[in-house]
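Observations on chain architecture
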Amino acid sequence: MTCRARSLCVLLVLAAIPAACKPKSTASGDRTEILIGATLPLTGAEARTGGFFKEGYELAFDEVNQRGGLDVGGKKLKVTLKLYDDTSTQDTAASLADKLIKSDKVDFLLGTYSTALVNRQSTVAEQNKVPYVNGGGAASAIYKRGYKYLFGALSSIELLSTTLMTWIDEQQKAGKLPRPSKIALLWENASHGKEFREGVASYAGKSGGAYEIAVDESFEINAKDFSAVLGKVKAAGTDIFLVDAHLPDYITMQRQYIDAGLCHKVASYGARGAEKDAFEKLGKDNVQYVLSGTWWSPLLAATNPLAKKYVEAFKAKYGGRTPEWFQALGYEAARALFTAIEQAGAVDREAVRGKLAALKLDSLLPGGVLEFPQDKGGQVQASYVLQQNQPDGTSPIIFPKDVAAAAGVPDPRCK
Amino acid sequence: MTGRPRIPPRPAWGFAAACAVLAVLPALVLSDYAHDQLTESYLMIACVLAWNWMGGFVGQISFGHAAMFGLGGFVAARLILHVHLPAPVAWLGGAIAAGVFALGAHPTLRLRGPYFSIATIGVGEVSRHVFTYWERFTGGATGLSLPIDVDFRYQLYWWTLGLAAAVAVASLAIRHSSFGLRLLAIKADVDAAADVGVSATLYQDVIFALSGAAVGLAGAMHASYQSDIEPSDMFGFDRSITFVLLAVIGGVGTSLGPALGAVVFVLVRSYLLQSFPTLHLGLYGVLLIAIILFEPLGLTGLGRRFVRRVRGARRAGGA
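Residues numbered from 1 in each chain as written. Chains lettered and ligands numbered in written order. Predicted model: local features only at pLDDT ≥ 70, side-chain atom pairs only at ≥ 80, totals over all residues. Heavy atoms only, no water.

**Let's talk about the overall build of chain A**
A tally of regular secondary structure across chain A gives twelve helices and 15 strands. The C-alpha radius of gyration of chain A comes to 23 Å, within 12% of the 22 Å expected for a compact globule of 415 residues. Over its C-alpha atoms, taken along the principal directions, chain A stretches across nearly 70 × 65 × 40 Å. Expressed as a percentage of its 415 residues, the buried residues of chain A come to 59%. The contacts of chain A with a sequence gap of at least 6 include a subset with a gap of at least 24, amounting to 69%. Within the structure as shown, chain A displays about 15,100 Å² of accessible surface, and the carbon and sulfur contribution to it stands at 52%. Taking the average location of the 50 positive side-chain charges in chain A and that of its 46 negative ones, the two points are 3 Å from each other. (Helix = DSSP H or I, 4+ residues; strand = E, 2+ residues; numbered from the N terminus. Rg over C-alpha atoms; globule rule 2.2 N^0.38 Å. Buried < 20%, exposed > 50% of the residue type's maximum accessible area, 1.4 Å probe, protein only. Contact = heavy atoms within 4.5 Å. Areas by Shrake-Rupley, 256 points an atom, 1.4 Å probe, with all protein chains shown as cover. Lys, Arg positive; Asp, Glu negative; His and termini not counted. Charge placed at Lys NZ, Arg CZ, Asp CG, Glu CD.)

Here is the structure:
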């Protein structure tokens, strides 16, 4: 007993010593660089997507440093990214954001990926009054908390479901879908999925009976078995299959969907559908006619000069590989922060926060403009583009019409 | 439950001195980040030591303690947001709710060993689902946001230190009381304990409720500390697993050993994440495997072995 208690005393004090010996602060002095912190899920459930965001961040930082750095009040300052792996877990994302701010003394923060992680991590940024720009948190619940230092480059999920329903409605009005159409609505049990559901339900409710939600079920993120919910979908005999899922769940569910012999005139997994990863893992025949609404597509390069320039730069850096929306949103979030720093003319958190709030930036996003409206909690309101996978393995933009490269159709193989 | 715990005075003074040093550290040399790291460590110490009352003293390995952690957090958050109670009062509300909830798990206490563990997995997972879907209480998958109060968050250092110290003292008191001996008797042989008049049901109910209340109190403080909580995180199975793993690393069944596991978890894991971002999971796994393979009593056993060696060497030198 004596030894045990003594050991504890020694341990408690020892545990505190290394931490206590750290310097309290660093003098700013003549600064030569701007330190920007970020965490990404480089391991864990979202590891693949986290790696994509990292590519986007690295390209944005490289571009700035290749031109000598940011012009801040007439002085060129290099930008350095301090990046940690948050392991796709909320506690780690929050703890590392705390470390970036208080130990690494970063000037600003870029966000992590996924709604849940951004939700938790942005609270740490807000507690410490550090501008936090992210391209990975879409649920508008994140932006309804009255935070002042939070800026999101992803449009809301509710807008995604409204955009999908608008296209579906056009098909119904053209006689390509039955009226009323029966919808199977599956959503991941998270704020992301809840908002998707609310958007579809709200649209259907206002449609005057054009749509009936026959199946309305949630599922757990990263589930391995969707047979129960897919069984309900099969039994209900629906015309439209709408799911809100992240990439791993899209791939798993679509495989089980095919195995179950399901076929719908319209099938969508929300923002997922056209990813190269899905084509590789499922085969192009098994993802035909899947409809997806994304925040960005490389096909926008045909109509948006900034998107074209970005795609070319990405291909040059990453061996000819074509970027997906993940990299583009990481890149765009970083670019927005850089622009605000230059506009502020100082490495000052309050000044940069003010510039971000008033930002109006030519963008590679749909619509061509990036701004963080404060009445929307700092969340971008850019439109979505809808893509549809084709039998030849391409996924052209089909909506909105001003950027569409092909006309979308309900799946002709399904009755 | 009779008989006063006997804690020798010298270690007690040493413990009080250590707490006093930790209490004044922020005012002296502690960096902001170290301040936060220690706050998180104290919360984890409280949780793991309280888990050890059930898992270590009674030998009932619970994989469902996240249910009490989450419940304490959400009850406290609701009391702060809607009843506008001061946070410390709301925390007590969370602790009581978690303690009562643990009492509700009474039927599982009829089970022993792996059967009890499996039952607690069920309780934990059912709780996570129920509270995730109970939107009016937990806010559903979106969770609840508490007002951000930077000053109060800073003060939580002392609240959490107080909690960790109180749970550590309670651990020693329980372990060295006749109540603790009864728990050890149940752990050794539940039938033999019953033969000498120790009611396994009663004592397990009491210790499970106390353990649940302490973990619930930590969950309530965690909610105030984070300002934003979600059911999937608060009630997550990962959290329950963490309590078990840390107790194993520190020394399950020892009075204070699990606290070592908590310190290792928060500080060493943080160091590994920063220094070896691509290897941290592997290194952490290797550390865990090494401890389980070579030292069943975890870091505590390792420490004891080291002390014995040093003493043996001294004696040999003296002879």
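**Overview of the pattern of salt bridges**
Following the criterion strictly, the structure yields 28 salt bridges over all chains and no others. Across the pair D277 of chain A and R48 of chain A runs a salt bridge whose closest N-O atoms are separated by 2.9 Å. Of the two residues, D277 of chain A sits in helix α9 (residues 276-282) while R48 of chain A sits in helix α2 (residues 47-66), which places them 229 residues apart along the sequence. Overall, D277 of chain A belongs to the buried group, its relative accessible area being 6%. The class for R48 of chain A is partly exposed, based on a relative accessible area of 43%. Residue R145 of chain A pairs with D228 of chain B through a salt bridge whose shortest N-O separation is 2.6 Å. Of this pair, R145 of chain A sits in the loop between β5 (132-134) and β6 (150-152) while D228 of chain B sits in strand β2 (residues 228-229), placing the two residues on different chains. (Salt bridge = Lys/Arg side-chain N within 4 Å of Asp/Glu carboxyl O.)

**Focus: the environment of S199 of chain B**
Residues and elements named next belong to chain B. Considering the arrangement of structural elements, one finds S199 in the loop between α9 (190-195) and α10 (200-226). A relative accessible area of 33% places S199 in the partly exposed class. Sequence separation of S199 and Q155 is 44 residues, and the distance between their C-alpha atoms is 42 Å. For S199, the side chain forms a polar contact with the main-chain nitrogen of L202, separated by 3.2 Å. (Polar contact = N/O pair within 3.5 Å; in protein donor to acceptor, adjacent residues only side chain to side chain.)

**As for the state of the cysteines**
Within the structure shown, the criterion is met by one disulfide over all chains. A disulfide bridge connects C263 of chain A with C414 of chain A, and the sulfur atoms are separated by 1.7 Å. Handedness of the C263 of chain A-C414 of chain A disulfide follows from its S-S torsion of about -60 degrees: it is left-handed. Of the two residues, C263 of chain A is situated in the loop between α8 (247-259) and β10 (266-268) and C414 of chain A in the segment after β15 (397-399); the sequence distance between them amounts to 151 residues. The thiol of C47 of chain B is unpaired, and the distance to the nearest cysteine sulfur, on C19 of chain B, comes to 17 Å. (Disulfide = S-S within 2.5 Å.)

**Section: the sheet that holds strand β7 (residues 181-188) of chain A**
All names here are of chain A. Taken in spatial order, the seven strands of this open sheet run β8-β7-β9-β10-β11-β14-β15, and their pairing is mixed. Of all the strands in the sheet, just β8 (211-219) and β15 have a single pairing partner and so form its edges. Looking at each pair of strands side by side, their axes are set apart by 30 degrees on average, direction ignored. Here β10 runs beside strand β11 (residues 290-294); their pairing, made up of two bridges, is parallel. (Pairing = 2+ DSSP bridges. Axes fitted to C-alpha atoms, helices over the stretch in contact; angles between N-to-C directions.)

**Thoughts on the pairing of strand β1 (residues 33-40) of chain A**
Side-chain positions along a regular strand alternate between the two faces of the sheet. All names here are of chain A. Most of β1 is tucked away: seven of the eight residues are buried. Bridging between β1 and strand β3 (residues 75-85) involves eight bridges; their strand directions are parallel. Residue pairing in the sheet places I34 in a bridge with V79 of β3. In this structure, β1 lies alongside strand β4 (residues 108-110), joined through three bridges in parallel fashion. Residue pairing for β4: A38 is matched across the bridge by L110.

**Concerning the confidence of the model for chain A**
Close reading of the predicted structure is inappropriate where its pLDDT is low. In this model, chain A carries a mean pLDDT of 90, and residues with pLDDT of at least 70 account for 93%. Across residues 7-29 of chain A the pLDDT falls below 50, and counting only partners more than four positions away or on other chains, this stretch makes 36 contacts in the model. (pLDDT = per-residue confidence, 0-100.)

**Re the domain arrangement of chain A**
Residues and elements named next belong to chain A. Split by domain assignment, chain A resolves into domain 1 (33-155 + 303-376) and domain 2 (158-294 + 385-403). The straight-line distance from the C-alpha centre of domain 1 to that of domain 2 is 29 Å. With 15 residues of domain 1 in contact, the opposing surface of domain 2 contributes 15 residues. Taken over both partners, the interface formed by domain 1 and domain 2 buries close to 1,300 Å², and the fraction arising from carbon and sulfur atoms is 54%. Of all residues in domain 1, R48, E324 and W325 give up the largest surface area on contact with domain 2, accounting jointly for 28% of the area buried on that side. Counting the contacts that link domain 1 with domain 2 gives one salt bridge. For the interface between domain 1 and domain 2, the tally reads four residue pairs in polar contact (both at pLDDT 80 or more). Counted by class, the side of domain 1 that touches domain 2 contains eight nonpolar, four polar and three charged residues. (Domains from an automatic or database assignment. Buried area = accessible area lost by both parts, 1.4 Å probe. Nonpolar A, V, L, I, M, F, W, Y, C, P; charged D, E, K, R; others polar.)

**Focus on unusual backbone geometry**
All names here are of chain A. A cis amide bond, omega -5 degrees, links R179 with the succeeding residue P180. When you line up the elements, P180 lands in the loop between α5 (157-173) and β7. The step from F399 to P400 runs through a cis peptide bond, and the omega angle for that step is 0 degrees. Looking at the secondary structure, you find P400 in the segment after β15. One non-glycine residue, K129, adopts positive backbone phi at about 55 degrees. Within the fold, K129 resides in the loop between α4 (115-127) and β5. K129 sits in the partly exposed class, given a relative accessible area of 48%. Of note, the phi angle at Y289 is positive, near 65 degrees, even though the residue is not glycine.

**Remarks on the packing of helix α2 (residues 32-57) of chain B against helix α7 (residues 150-175) of chain B**
All names here are of chain B. Taken N-terminus to C-terminus, the directions of α2 and α7 make an angle of 25 degrees; their axes are 8 Å apart at the nearest point. For the element pair α2 / α7, the angle class is roughly parallel. Considering only the axes of α2 and α7, their crossing is left-handed. (Parallel < 35°, antiparallel > 145°, perpendicular 65-115°, else oblique. Left-handed = near helix turned anticlockwise from the far one by under 90°.)

**Concerning the packing of α2 of chain B against helix α13 (residues 257-275) of chain B**
Residues and elements named next belong to chain B. At a minimum axis distance of 7 Å, the contact between α2 and α13 shows a crossing angle of 140 degrees. It follows that α2 is oblique to α13 by the angle criterion. Relative to α13, the crossing made by α2 is right-handed. Here α2 contributes Y33, Q37, E40, S41, M44, I45, V48, L49 and N52 to the contact with α13, which in turn contributes P258, A259, A262, V263, F265, V266, L267, S270 and Q274.

**So, the sheet that holds β5 of chain A**
Residues and elements named next belong to chain A. Strands sit in the order β2-β3-β1-β4-β5-β6 across an open sheet of six strands; the sheet is mixed. The open sheet has two edge strands with one neighbour each: β2 (70-72) and β6. Taking the axes of each pair of neighbouring strands and ignoring which way they run, one obtains an average angle of 30 degrees across the sheet. By the bridge criterion, three bridges tie β5 to β6 in an arrangement that is parallel. Looking at the pairing, V133 lines up with F151 of β6. Contacts from α2 reach β1, β2, β3 and β4, with the element oriented near 165 degrees to β3.

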